[in-house]
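Chain residues, written in single-letter form:
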Amino acid sequence: MSDTPLFQVENLHAGIEGEEILKGVDLTINRGEIHALMGPNGSGKSTLAYIVAGHPNYEVFEGRVLYKGENVLEMGADERAQLGMFLAFQYPTTIPGVSMANFLRLAVNSVRGEDDGEGGKKRIAPREFRRMLREKMQMLNIDESFATRYLNEGFSGGEKKRAEILQMAMLEPEFAIMDETVSGLDIDALRTVSEGVNKLYDGTMAMLLITHYQRLLNHIKPHYVHVMLEGRIVQSGGPELAEELEAKGYEQIRSELTPAG
Amino acid sequence: MVTKPDIDLGQYKYGFSDPENYHFKSRKGLDEDIVREISQMKGEPEWMRDFRLKSLEYFRKRPVPTWGGDLSDLDFNEIFYYVRASEATGKSWDDVPEYIKNTFEKLGIPEAERKFLAGVGAQYESEVVYHSLQEDLENQGVIFLDMDSALREHPEIVKQYMGTIIPPNDNKFAALNSAVWSGGSFVYVPKGVKVEIPLQAYFRINAENMGQFERTLIIVEEDAYVHYVEGCTAPTYTTNSLHSAVVEIIVKEGGRCRYTTIQNWSKNTYNLVTKRAAAYKNATMEWVDGNLGSKLTMKYPAVWLMEPGARGEVLSVAFATDDMHQDAGAKMVHVAPNTSSQIISKSISKGTGRSTYRGLVKVHKGASNVKANVVCDALLLDESSRTDTYPYMEIEEEQVSIGHEATVSKVAEEQLFYLQSRGVSEADAMSMIVSGFIEPVAKELPLEYAVELNRLIQLEMEGSVG
Ligand SMILES: Nc1ncnc2c1ncn2[C@@H]1O[C@H](COP(=O)(O)OP(=O)(O)OP(=O)(O)O)[C@@H](O)[C@H]1O
Ligand SMILES: [Mg+2]
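Keep in mind the model is a prediction, meaning the values are calculated, not measured. (Residues numbered from 1 in each chain as written. Chains lettered and ligands numbered in written order. Predicted model: local features only at pLDDT ≥ 70, side-chain atom pairs only at ≥ 80, totals over all residues. Heavy atoms only, no water.)

A. Up close: the overall build of chain A. Of regular secondary structure, chain A possesses 8 helices and 10 strands. Taken over the C-alpha trace, chain A has a radius of gyration of 18 Å; the compact-globule value for 261 residues is 18 Å, and the two agree within 12%. If you line up chain A on its principal axes, its C-alpha atoms span 60 × 40 × 35 Å. Sorting the 261 residues of chain A into buried and exposed places 54% on the buried side. Partitioning the contacts of chain A with sequence separation of at least 6, the portion at a separation of at least 24 is 69%. Within the structure as shown, chain A displays about 11,900 Å² of accessible surface, and the carbon and sulfur contribution to it stands at 46%. (Helix = DSSP H or I, 4+ residues; strand = E, 2+ residues; numbered from the N terminus. Rg over C-alpha atoms; globule rule 2.2 N^0.38 Å. Buried < 20%, exposed > 50% of the residue type's maximum accessible area, 1.4 Å probe, protein only. Contact = heavy atoms within 4.5 Å. Areas by Shrake-Rupley, 256 points an atom, 1.4 Å probe, with all protein chains shown as cover.)

B. View of the sheet that holds strand S3 (residues 199–200) of chain B. Residue and element names in this part refer to chain B. Spatially, 8 strands are ordered S3-S5-S8-S10-S13-S15-S17-S19 in an open sheet, and the strand pairing comes out parallel. The strands lining the two open edges of the sheet, one partner per strand, are S3 and strand S19 (400–410). Note: strand S5 (residues 225–231) against strand S8 (residues 256–265), 7 bridges, orientation parallel. Within the sheet, the bridge partner assigned to Tyr-225 lies in S8 and is Arg-256. Along the sheet face, helix H11 (residues 426–442) touches strand S10 (284–293), strand S13 (311–320), strand S15 (340–349) and strand S17 (370–380) and points at about 160° away from the line of S15. (Pairing = 2+ DSSP bridges. Axes fitted to C-alpha atoms, helices over the stretch in contact; angles between N-to-C directions.)

C. Structural view of the site of ligand 1. Residue and element names in this part refer to chain A. Close to ligand 1 lie 14 residues, the nearest being Asn-41, Gly-42, Lys-45, Ser-46 and Thr-47. In the model, an oxygen atom of ligand 1 is placed 2.8 Å from a nitrogen or oxygen of the Gly-42 main chain. Interatomic distance of 3.0 Å between a backbone N/O atom of Gly-44 and an oxygen atom of ligand 1. If ligand 1 stood free it would expose 640 Å²; the protein chains cover 64% of that surface. Partitioning the shell around ligand 1 into residue classes produces 4 nonpolar, 8 polar and 2 charged. (Near = heavy atom within 4 Å. Polar contact = N/O pair within 3.5 Å; in protein donor to acceptor, adjacent residues only side chain to side chain. Nonpolar A, V, L, I, M, F, W, Y, C, P; charged D, E, K, R; others polar.)

D. The arrangement of the coordination of the magnesium ion (ligand 2) in detail. Residues and elements named next belong to chain A. Distances from the magnesium ion (ligand 2) to its protein donors, namely Ser-46 (OG) and Gln-90 (OE1), fall within the range 2.0 to 2.1 Å. Within this pair, whereas Ser-46 is found in helix H1 (residues 45–53), its partner Gln-90 is found in the loop between strand S6 (85–88) and helix H3 (100–112), the two being separated by 44 residues in sequence. A single burial state applies to Ser-46 and to Gln-90, both of which are buried. (Donors = N, O, S within 2.8 Å, 3.2 Å for Na, K, Ca; no water.)

E. Inspection of a negative patch on the surface at higher detail. All names here are of chain B. On the surface, a cluster of negative charge is made up of Glu-135, Asp-136, Glu-138 and Glu-153. Top contributing element to the negative patch by residue count: helix H6 (residues 127–140), with 3 residues. On the secondary structure map, Glu-135 appears in helix H6. For Glu-135, a relative accessible area of 56% translates into the label exposed. (Patch = residues over 30% accessible without salt bridge, like charges linked within 9 Å, V, L, I, M, F, W, Y side chains within 5 Å. Salt bridge = Lys/Arg side-chain N within 4 Å of Asp/Glu carboxyl O. Lys, Arg positive; Asp, Glu negative; His and termini not counted. Charge placed at Lys NZ, Arg CZ, Asp CG, Glu CD.)

F. Geometry of the pairing of strand S14 (residues 325–334) of chain B. All names here are of chain B. Burial of S14 is extensive: 9 of the 10 residues sit out of reach of the surface. Two elements, strand S11 (residues 296–299) and S14, share 4 bridges in a ladder whose sense is parallel. Within S14, the residue paired with Lys-299 across the bridge is Ala-328. Relative to S14, strand S12 (residues 302–305) runs parallel, the two being bridged by 4 bridges. Within S14, the position partnered with Ala-302 by the bridge is Lys-331.

G. H1 of chain A, seen in detail. Residue and element names in this part refer to chain A. Burial within H1 is extensive, with 9 of its 9 residues counted as buried. When we look at burial in H1, the residues that qualify are Lys-45, Ser-46, Thr-47, Leu-48, Ala-49, Tyr-50, Ile-51, Val-52 and Ala-53. In the segment just after H1, Gly-54 is the residue with positive phi, at about 100°.

H. Structural view of the interface of chain B and chain A. In this assembly, 19 residues from chain B lie in contact with 33 residues from chain A. Both sides of the chain B and chain A interface together cover about 2,100 Å² of buried area, and 64% of this is carbon and sulfur. A per-residue breakdown of the area chain B buries against chain A is headed by Phe-417, Tyr-418 and Arg-422 of chain B, which together make up 39% of the total. Seen at the junction of chain B and chain A, the total is 1 salt bridge. Among the salt bridges present, the one from Arg-422 of chain B reaches Glu-164 of chain A, with a minimum N-O distance of 2.6 Å. Of all elements in the fold, only helix H10 (413–420) and H11 of chain B reach the threshold of two or more residues within the side of chain B that touches chain A. Broken down by class, the residue content of the side of chain B that touches chain A amounts to 7 nonpolar, 6 polar and 6 charged. (Buried area = accessible area lost by both parts, 1.4 Å probe.)

I. Just the sheet that holds strand S1 (residues 7–16) of chain A, in detail. Residue and element names in this part refer to chain A. Read across the sheet, 4 strands follow the order S2-S1-S4-S5 without closing on themselves; strand pairing throughout is antiparallel. Strands at the two margins of the open sheet, each flanked by one partner only, are strand S2 (19–29) and strand S5 (70–71). By the bridge criterion, 8 bridges tie S1 to S2 in an arrangement that is antiparallel. Of the residues in S2, the one forming a bridge with Leu-12 is Val-25.

J. Focus on helix H1 (residues 32–41) of chain B. Listing the buried residues of H1 of chain B in full gives Ile-34, Val-35, Ile-38, Ser-39 and Met-41 of chain B. Sitting at the head of H1 of chain B, Asp-31 of chain B places a side-chain oxygen 3.1 Å from the backbone nitrogen of Asp-33 of chain B.

The values are spatial; any link to function lies outside them.
Here it is in structure tokens:
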């Protein structure tokens, strides 16, 4: 293993329709680390997540996003996922007529790819897939009927979030961004989902939890916390930063900072 | 309506000449001589010959329809109207276009079947299946034959029903078919008999299966049921550029008929088909129709709801890729009160493909308490692809409930991105979205057809077909 960080964002300036939303973001995440990215509505958290995942509508003006030392910005979203990256969407998309199980089978096989001949991952057998799906659904307390339901169609807000984590559990990424995965969950669901995430965290994968509430962080403990304001990471620290934020609010943080120049 | 020739059927019992002794030479173009020759060669009774000749007259008088697809390149003089099976199968595999061979390959169609589908080989061996099926059906009194045999073996039934649902003068192409028809299926299901397994046209041993001018007649007696399945998703290659079939179905009181077709004609073909059913008291008629391929398809399966309680349904999928025009839809004619109908049409246009939904819901005066629902959804895959919707309504009655919904959508970038963010390639994501789009219809298909249909869409998405 080299000591190249798993994931790095360097001086990222990016936006949409010519408008700059991210104004120089730097972030480094190593294997085994859980980071939390906090910040008020509209500060650019989801924008960062989309750009990292490869949303075609966003433009990058400057900077790099490195995964295992490789710049991923030129890659398609599918390639990035195949490399082991994952994004749990804040607003998952509905795909009518496509069942969760069929989709997941294709996704799992796409990510695993062909047998690499080096003892790496390979295509999953149908029986093994079903077993795995059943197991992960039980873990996340998702009713079996969801396997045959169409992807996100008619899912409640909370069900969508759980389905995102189910996808993550099936795809076994090495680096996952979870964008507001717990907002909109009731107390029980929050517990199930965060327990699920904690089980998936095997100590070697890395996670970036995006949230504007500190609440989640009582359930999933981050090693590092970053605060994003107006497209920049303005403060970074340990878990105590989250509590400080909760006490002070974003306004105070903003005013404590010297105006960005 | 057709004038029923007033002849004694018995007279024709021995009136069939031996087809083998007759030497028919195929030639292009259509005239009375050709029609007479076809009839004579098949050894048909006089009334059928007259039916053909009368139809030829109608065909000549009728103008080429100017609505619908562009038929201006269709040259009636450049077409073989009758080709003997032996000649048709005499062509060689080398003549079959490369893209069709590739598709067979990719669909995993067995070698023997490929030649048959391409129209260059004898029918592949399904004889064993066919014979045990035939025995089973015969025990139930079900008749399942090709139309030519039916005319020989059951002339009285054929004569009673043929042309009653679609009279030869109905439209130019129905007239043409009535004049030169050959092959097609004949199904008769006696009262109360429910045929358990779907009747598949390819079980029938007849090289004229894939003929250009098939004539199909299905009669479902009271409280009987049959599911008839025809076609296949692999491209059907024909050197002849015109396919014009007629399908007539009668569903009597309490009966139910489902007719499933998937067609994938080669890209040089005009596919101009007239399909119509009459449903009587409490009867149900369902058309499940898939149109792929062809240069132009014009096809609007219809149900005439003749008596109270009758129900009609059309589920259709059309897929137009480069240079194709799928002009498809449905017609529901509510003649009687308390009848209901449902049309679900899904179309996909890719590249320069164009799909048109053209449908009619007609409610006759006095047909109160009619319920009709039309849903047509179009999916465009490219900037250059095109779709049009013509949902005609002719409602002459006040007490009716008519629903209509039409959507046109593009494959949303958000959907593609979402699937791709899970590692799925763009082509796979695209075909998954398209498969999902047609799922409401695909799930009504026999499983092997649904699987093949999805596989075909996948091939189209990979850009590896055509
Ligand atoms: N497609 C778009 N078109 C125009 N502006 C956009 C678009 N997407 C995002 N923005 C803008 O970029 C800014 C950052 O949005 P983003 O979704 O990244 O915020 P966020 O931090 O995730 O907020 P929240 O906490 O509400 O989820 C906002 O001002 C938003 O309006
Ligand atoms: Mg957000």
